[in-house]
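Examination of the molecular architecture
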Amino acid sequence: MAAILRALGVGPGDEVATQAFTCLAVPEGIRATGATPVYVDTEEQGVNLCPRDLSAKLSQKTKAVIVQHTFGIPAQLSEIRSVLNERGVPFVEDCCHTLASTYVNQVVGTFGIGAFYSFEWGKPIVAGIGGSAVVHDPALRAKVEEHWESCHGPSWKSLLKVNLQYWAFERMYRPSTYWKVRATFQKLSKAGAAEGNYHDPDEESHEFSQRMAGPLVERLRQKLTSLNHVVENSRRIAGLYDEAIDRTRFRRPAVPEGGLPVYARFPLLAADKERLLARAEEARVEVADWYRTPVHPLERREWGAVGLEPGSCPRAEKLSDEIVSLPLSLKVTDEDVRKTLALFESL
Ligand SMILES: *Cc1c(COP(=O)(O)O)cnc(C)c1O
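1. As for helix H11 (residues 314–322)
Along H11, the residues that are buried comprise Ala316, Glu317, Leu319, Ser320 and Glu322. In this fold, the buried residues of H11 make contact with strand S11 (265–269), helix H10 (273–282) and strand S13 (323–327).

2. Section: a nonpolar patch on the surface
Side chains of Trp156, Leu160 and Leu164 sit close together on the surface and give an oily, nonpolar patch of about 400 Å² of accessible area. Note on placement: Trp156 falls in helix H6 (residues 156–172). Under the relative-accessibility criterion, Trp156 is labelled exposed at 67%.

3. What about the packing of aromatic side chains?
Using the criterion set out here, one finds 12 aromatic pairs in the structure. For the ring pair Phe169 and Tyr173, a centre distance of 5.2 Å and an interplane angle of 10 degrees mean the geometry is stacked. Ring plane angle 80 degrees and centroid distance 5.2 Å describe the contact between Tyr178 and Trp179, whose orientation is recorded as edge-to-face. Under the relative-accessibility criterion, Trp179 is labelled buried at 12%. An aromatic cluster of three or more residues is present, and its members are Phe21, Phe71, Trp290 and Tyr291. Arg211 extends its terminal NZ or CZ atom over the ring of Trp148, reaching a point 3.8 Å from the ring centre. Lying across the ring of Tyr166, Arg219 places its NZ or CZ 3.7 Å from the centre.

4. Considerations on the pairing of strand S4 (residues 62–68)
Across the seven residues of S4, six count as buried, placing the element largely inside the fold. Pairing geometry for strand S1 (residues 15–19) and S4, over three bridges, is parallel. Opposite Val16, over in S4, you have Ala64 as the bridge partner. With four bridges joining them, S4 and strand S5 (residues 91–94) adopt parallel strand pairing.

5. Notes on the nonpolar core
When a protein is soluble and globular, its nonpolar side chains tend to lie buried together. Tyr241, Phe266 and Phe344 are the most contacted members of the largest nonpolar core, which totals 49 residues. Within the residue set of this core, elements represented by two or more residues are helix H7 (178–190), helix H9 (227–245), S11, H10, H11, S13 and helix H12 (334–346). Considering each element in turn, this core owes the most residues, five residues, to H9. Each residue touching Phe344, except ones within four places of it in the same chain, is listed here: Ile245, Thr248, Phe250, Leu268, Leu276, Val287 and Leu326. Among the nonpolar cores identified, the runner-up in size contains 33 residues, and Ala17, Val40, Tyr103 and Phe119 belong to it.

6. Let's talk about the pattern of salt bridges
Here the structure, examined in full by the defined rule, presents 18 salt bridges. The closest approach of N and O atoms between Glu345 and Arg247, which form a salt bridge, is 3.7 Å. Taken as a pair, Glu345 in helix H12 and Arg247 in the loop between H9 and strand S10 (259–260) lie far apart in primary sequence, 98 residues in all. Residue classification places Glu345 among the partly exposed residues on the basis of a relative accessible area of 45%. The exposure class of Arg247 is exposed, given its relative accessible area of 61%. Arg292 is the partner of Asp289 in a salt bridge, and the nearest nitrogen-oxygen pair spans 2.9 Å. Classification of Arg292 by relative accessible area gives partly exposed; the value is 32%. Salt bridges sharing partners connect three or more residues here, namely Arg182, Asp289, Arg292 and Glu299.

7. Overview of the site of the ligand
Taken together, Cys23, Ala25, Val26, Gln68, Asp94, Cys96, His97, Ser118, Glu120, Lys123 and Tyr291 make up all the residues around the ligand. Take Glu120: an N or O atom from its side chain is 3.1 Å from an oxygen atom of the ligand. The side chain of Lys123 places a nitrogen or oxygen atom 2.7 Å from an oxygen atom of the ligand. Against a free-state accessible area of 390 Å², the protein chains account for coverage of 82% of the ligand. Residue composition of the shell around the ligand, by class: five nonpolar, three polar and three charged.

8. A closer look at the sheet that holds strand S3 (residues 36–40)
Within the open sheet, the six strands sit side by side as S3-S1-S4-S5-S8-S9. Their pairing is mixed. Lying at the two open borders of the sheet, with one neighbouring strand each, are S3 and strand S9 (131–135). Neighbour to neighbour, the strand axes of the sheet diverge by 25 degrees on average, direction disregarded. Sheet topology places S5 next to strand S8 (residues 114–118); three bridges connect them, and they run parallel. Bridge assignment links Val92 to a residue of S8, and that residue is Gly114. Running at roughly 145 degrees to S3, helix H2 (residues 25–32) makes contact with S1, S3, S4 and S5 of the sheet.

9. Observations regarding the environment of Gly112
Secondary-structure assignment places Gly112 in the loop between strand S7 (106–107) and S8. Between the C-alpha atoms of Gly112 and Arg338, which are 226 residues apart in sequence, the distance is 39 Å. Excluding anything up to four places from it in sequence, Gly112 contacts Phe91, Glu93 and His136.

Cut-off values and rules
- Residues numbered from 1 in each chain as written.
- Predicted model: local features only at pLDDT ≥ 70, side-chain atom pairs only at ≥ 80, totals over all residues.
- Heavy atoms only, no water.
- Buried < 20%, exposed > 50% of the residue type's maximum accessible area, 1.4 Å probe, protein only.
- Helix = DSSP H or I, 4+ residues; strand = E, 2+ residues; numbered from the N terminus.
- Contact = heavy atoms within 4.5 Å.
- Patch = residues over 30% accessible without salt bridge, like charges linked within 9 Å, V, L, I, M, F, W, Y side chains within 5 Å.
- Areas by Shrake-Rupley, 256 points an atom, 1.4 Å probe, with all protein chains shown as cover.
- Salt bridge = Lys/Arg side-chain N within 4 Å of Asp/Glu carboxyl O.
- Phe/Tyr/Trp six-rings, centres within 6.5 Å; stacked < 30°, edge-to-face > 60°.
- Lys NZ or Arg CZ within 6 Å of the ring centre and 35° of its normal.
- Pairing = 2+ DSSP bridges.
- Core = buried A, V, L, I, M, F, W, Y, C linked by side-chain atoms within 4.5 Å.
- Near = heavy atom within 4 Å.
- Polar contact = N/O pair within 3.5 Å; in protein donor to acceptor, adjacent residues only side chain to side chain.
- Nonpolar A, V, L, I, M, F, W, Y, C, P; charged D, E, K, R; others polar.
- Axes fitted to C-alpha atoms, helices over the stretch in contact; angles between N-to-C directions.

Listed below in structure tokens is the structure:
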């Protein structure tokens with residue numbers, strides 16, 4: 001993302017608008033260019049950028065907008081496009097949660113000037129650590145490629161650590177071991193023994209000039225050959241959740257008209273999120289809590305470090321307090337689905 005923004009000429013003194021209810025990696029990428037992130041609130045009923053609030057938050061300094069398709073739900077691309085076309089501001093799509101969702105029969109990632117993808121833990125395709133950028137404009141693409149040429153891969157130590165983590169995760173994680181694996185990963189991350197997803201916002205970042213390691217790219221290529229299988233599996237399990245959840249008191253976030261999501265995870269809203277999570281842990285049912293804050297995982301007192309003023313995006317704050325999500329990966333068995341639905345029906 002930082003490479004695309006830099007190629008667009010984004011730098012110190014500029015603003016890049018992005019939605020609140022995102023992960024720290026996004027403002028980190030914006031700040032790596034020297035620009036300031038400006039936070040746009042989420043939709044009234046949804047998990048994505050609100051086009052009306054976007055219009056209100058644009059300024060003379062806005063050089064680009066990041067449009068995220070949260071959980072795989074497509075953003076309101078028509079509305080966003082008309083707001084931005086009027087002002088001549090380009091947008092980049094954050095496709096970290098989906099490679100296959102469509103909006104009016106067109107796959108997401110093809111609407112903006114470019115898009116970026118991530119293949120780390122918790123994403124639809126996991127290769128280890130790394131991501132990719134797609135740039136549609138040839139001149140802009142040449143600049144991003146030039147930057148890529150100047151980047152180097154991670155150290156062998158870091159690659160070894162990521163690979164060990166990858167294999168441990170592959171062996172240990174299943175929806176039924178989710179809570180245990182999560183606790184272990186958090187402990188290791190804290191001790192610095194695992195590559196976590198996030199960094200201290202005050203720390204100088206050095207990852208924006210690093211390439212994805214060759215062996216991980218190879219693994220990614222391999223895994224992408226079964227993308228259809230991953231997509232079909234996600235659709236099938238989401239279908240099972242869908243029907244049953246509608247009979248419970250839990251609501252789902254809105255999908256915009258014309259949007260056909262291929263979910264990374266199946267999102268739900270729970271007014272009593274903490275209680276639900278506690279019950280899920282007891283029942284060994286995988287229910288994830290992210291994003292727990294509008295700039296996950298930063299606590300309220302840390303928001304200032306990435307330029308988010310508390311109270312400026314009230315819907316995103318409320319959403320963070322209520323959102324949970326269910327797994328849709330290839331590891332989910334019919335028995336997991338049954339247990340999950342039994343839990344939700346009992347609450
Ligand atoms: C994971 C994620 C990112 C960042 O991915 P990295 O590979 O950690 O840089 C960006 N945006 C969203 C919405 C994500 O979920």
